[in-house]
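Geometric and topological summary
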Amino acid sequence: MKGYVHLEPTTPSSQSREEYLASQETIEAMDDDQNQSTESDCQSTPANQSTESDCESNPNARIFIDGSSIEALAMLQPERRAIVTRLLQVKSSPDYNLSYASNSAYAVQHESLKRLGPSRWLNDELINGFNIHYLGPKLDERSHIFSSHFMSKLLSTGDHGTNPPNYKYANVETWSNRIEGGLFNQHNIFVPINHQNIHWLTLRINFLEKRISLWDSQGVKHTNVLYTHTALRYLGDEHENAFPEGDTKKWLESWRIEDLSDKCPQQENDFDCGIFHLLNLCLLVNEGGISLESYSQASINTKEVRKIVAYLLWAASSNCPVVKTRYE
């Protein structure tokens, strides 16, 4: 169904998954000092929740998992819902950390997983965990997802993205060297952006169309220009390194920059930007584009998308911890 978000809980072959995760671990091995982002100070009271009838009145608000709507997953497969509900409600414990055999650098701590409960901001650990362990293996062979630390490193904004931006190509100069096939043989590069540790944005570098696009679930903002122009500057530095005899200035002039934030679903609170980013990236990976009708805040609320994301992270892990009740 074109234009809907498809979150498929199927597990890719171990070979493809391990190859992708191994490449990610190699690319970002220099980031041993990575720290988790702290929870945003920019929290507010949730906007009035849309009712299920409001959501269902718009068929384009539906979100599908593996061919079935999210509400069907919750209703028809209660065991999945129970697993996630217990993990999100139980007190934080390392016993429920999610580990991933091929890339321990992107494990998801239980404390972070619990951020997928109601009204909480998603941190880097959750964003990178989902993008790398769930979406990464679904990429075609000529696409790549950078971690959220890429833009933070490139702009030297620090572990929490709160330092004044200062472009330093040297900080990420080796990242592209470890992309299988090389940067300039890719069709798409996807970049999650943690803006000042309070907001998530989605950026795509499309080499086929020579286009840099950005999606912000809070709409078009002047601050978004920083990231699109930084991405273009990065491409220029990469081009000079790869093609020292080429005309980098002329090559850059053939690129187009666009902020498509007014053409993507809009959030109605201050904490769901991470969920919007994940859904937007799912659409870009699976469908190639995003529209205002792809999904809605109402569909996220009524279909418990946060629990779906938690389940997919859990299902992709190598340990799949389960919270037992006192009756088990």
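Throughout, a residue's number is its position along its own chain's written sequence, starting from 1. Since the coordinates come from a predicted model, pLDDT governs what is reported: local features require at least 70, and pairs of side-chain atoms require 80 or more to be given and counted, while whole-chain, interface and lining totals use all residues. Excluding hydrogens and water, the side-chain figures rest on all heavy atoms present in the structure.

**Some remarks on the overall build of the protein chain**
For clarity, the cut-off: Numbering of helices and strands runs from the N terminus; a helix is a DSSP stretch of H or I covering at least four residues, while a strand is a stretch of E covering at least two. Remark: exposure states derive from per-residue accessible area (1.4 Å probe, protein chains only) relative to the maximum for the residue type, with buried under 20%, exposed over 50%, and partly exposed in between. In this description, contact between two residues means that some pair of their heavy atoms is separated by no more than 4.5 Å. For every accessible area listed, the method is Shrake-Rupley and the probe measures 1.4 Å; residues are considered covered only by the protein chains on display.
Looking only at helices and strands, the protein chain features 12 helices and seven strands. In the protein chain, which comprises 328 residues, the proportion classed as buried is 53%. Residue pairs in contact within the protein chain that sit at least 24 positions apart in sequence constitute 72% of those at least 6 positions apart. Of the roughly 14700 Å² of accessible surface on the protein chain, 48% is carried by carbon and sulfur atoms.

**Observations regarding the packing of aromatic side chains**
What counts, and what does not: Two rings belonging to Phe, Tyr or Trp (six-membered ring only in the last case) form a pair when the distance between their centres is within 6.5 Å. Interplanar angles under 30 degrees mark stacking, angles over 60 mark edge-to-face geometry, and anything in between is tilted.
Scanning all chains against the criterion turns up 14 aromatic pairs. Judged by centre distance (5.0 Å) and plane angle (80°), the rings of Phe-150 and Tyr-234 are edge-to-face. Of this pair, Phe-150 sits in helix α7 (residues 149-154) while Tyr-234 sits in helix α8 (residues 225-242), and the two are 84 residues apart along the sequence. Among the residues examined, Phe-150 registers a relative accessible area of 3% and is labelled buried.

**Brief notes about the packing of helix α4 (residues 78-89) against helix α12 (residues 305-316)**
Operational definition: Lines fitted to the C-alpha atoms define the axes, with helices restricted to the stretch that makes contact. Angles between their N-to-C directions range from 0 to 180 degrees. In these notes the angle categories are as follows: under 35 degrees is roughly parallel, over 145 is roughly antiparallel, 65 to 115 is roughly perpendicular, and the rest is oblique. Under the scheme applied, nonpolar residues are Ala, Val, Leu, Ile, Met, Phe, Trp, Tyr, Cys and Pro; charged residues are Asp, Glu, Lys and Arg; polar residues are all the others, including Gly.
One way to put it is that α4 packs onto α12 with a least axis distance of 9 Å and a crossing angle of 95°. Our classification of the angle between α4 and α12 gives roughly perpendicular. Side by side, α4 and α12 meet where Arg-80, Arg-81, Ile-83, Val-84, Thr-85, Leu-87 and Leu-88 of the first sit next to Lys-307, Ala-310, Tyr-311 and Trp-314 of the second. Considering only residue class, the contact of α4 with α12 consists of seven nonpolar, one polar and three charged.

**A word on the packing of helix α6 (residues 124-135) against α12**
Just so we agree on the cut-off: Crossing handedness: left-handed means the near helix sits turned counterclockwise from the far one by under a right angle, and right-handed means the same turn made clockwise.
Orientation of α6 relative to α12, taken along the N-to-C sense of each, is 55°, at an axis distance of 10 Å. Here α6 is positioned oblique relative to α12, judged by the angle of their axes. Crossing geometry of α6 relative to α12 is assigned as left-handed. Across from Leu-126, Gly-129, Phe-130, His-133 and Tyr-134 in α6, the residues of α12 making contact are Val-309, Leu-312, Leu-313 and Ala-316. Each residue belonging to the contact of α6 with α12 can be placed in one class, and the counts come to seven nonpolar, two polar and no charged.

**Observations regarding the pattern of salt bridges**
When the charged atoms of two side chains lie near each other, side chains of opposite charge can form a pair. Let me state the cut-off plainly: Salt bridge, as used here, is a side-chain nitrogen of Lys or Arg placed within 4 Å of a carboxyl oxygen of Asp or Glu.
Summed over the entire model, instances satisfying the criterion amount to eight salt bridges. Put simply, Arg-211 and Glu-209 hold a salt bridge, and the shortest N to O gap is 3.6 Å. In this structure, the salt-bridge partner of Asp-262 is Lys-263, at a minimum N-O distance of 3.5 Å. On the basis of relative accessible area, Asp-262 is assigned to the partly exposed category, the value being 44%. One salt-bridge network, held together by shared partners, links Glu-209, Arg-211, Arg-256 and Glu-258.

**Remarks on the environment of Phe-184**
Of note, Phe-184 is situated in the loop between α7 and β4 (188-195). Separated by 55 residues in sequence, Phe-184 and His-239 place their C-alpha atoms 8.5 Å apart.

**Overview of unusual backbone geometry**
With phi around 55°, Ser-156 is a residue other than glycine that occupies positive phi space. Note that Ser-156 resides in the loop between α7 and β4.

**A few points about the sheet that holds strand β3 (residues 143-145)**
Selection rule: If DSSP finds at least two bridges between two strands, the strands pair.
Strand order in this open sheet of five strands is β3-β4-β5-β6-β7, and the pairing throughout is mixed. On the outer flanks of this sheet lie β3 and β7 (256-259), each paired with one strand and no other. Each strand axis lies, on average, 15° off the axis of its neighbour in the sheet, ignoring direction. With five bridges joining them, strand β5 (residues 199-206) and strand β6 (residues 211-215) adopt antiparallel strand pairing. Looking at β6, one finds that Asn-206 is bridged to Arg-211. Packing against the sheet, α6 makes contact with β3, β4 and β5, and its axis sits at approximately 165° to β4.

**Side note on the nonpolar core**
In plain terms, the rule: As used in this record, nonpolar core signifies buried Ala, Val, Leu, Ile, Met, Phe, Trp, Tyr and Cys residues forming a set joined through side-chain atoms within 4.5 Å.
Grouped together as the largest cluster of nonpolar side chains are 47 residues, with contacts concentrated most on Leu-113, Leu-116, Phe-130, Leu-135, Ile-275, Val-309 and Leu-313. When residues in this core are grouped by element, the largest group, 10 residues, is from helix α10 (residues 273-286). Grouped together as the second largest cluster of nonpolar side chains are 27 residues, Met-151, Ile-179, Ile-193 and Trp-255 included.

**Notes on the environment of Ile-257**
Looking at the element boundaries, Ile-257 is found in strand β7. Given the relative accessible area of 31%, Ile-257 is considered partly exposed. It is 4.9 Å that separates the C-alpha atoms of Ile-257 and Ile-212, two residues lying 45 residues apart in sequence. Those residues in contact with Ile-257, other than ones at most four positions away along the chain, are Ile-212, Thr-228, His-229 and Leu-232.

**Concerning the confidence of the model for the protein chain**
The line we're drawing: Each residue carries a pLDDT value, the predictor's own confidence for that position, ranging from 0 to 100.
Confidence along the protein chain averages 82 in pLDDT terms, with 76% of residues attaining 70 or more. Confidence drops under pLDDT 50 across residues 10-17; counting only partners more than four residues distant or on other chains, this segment forms nine contacts. Low pLDDT, under 50, characterises residues 65-76; the stretch is placed with 23 contacts to residues that sit more than four places away or in other chains.

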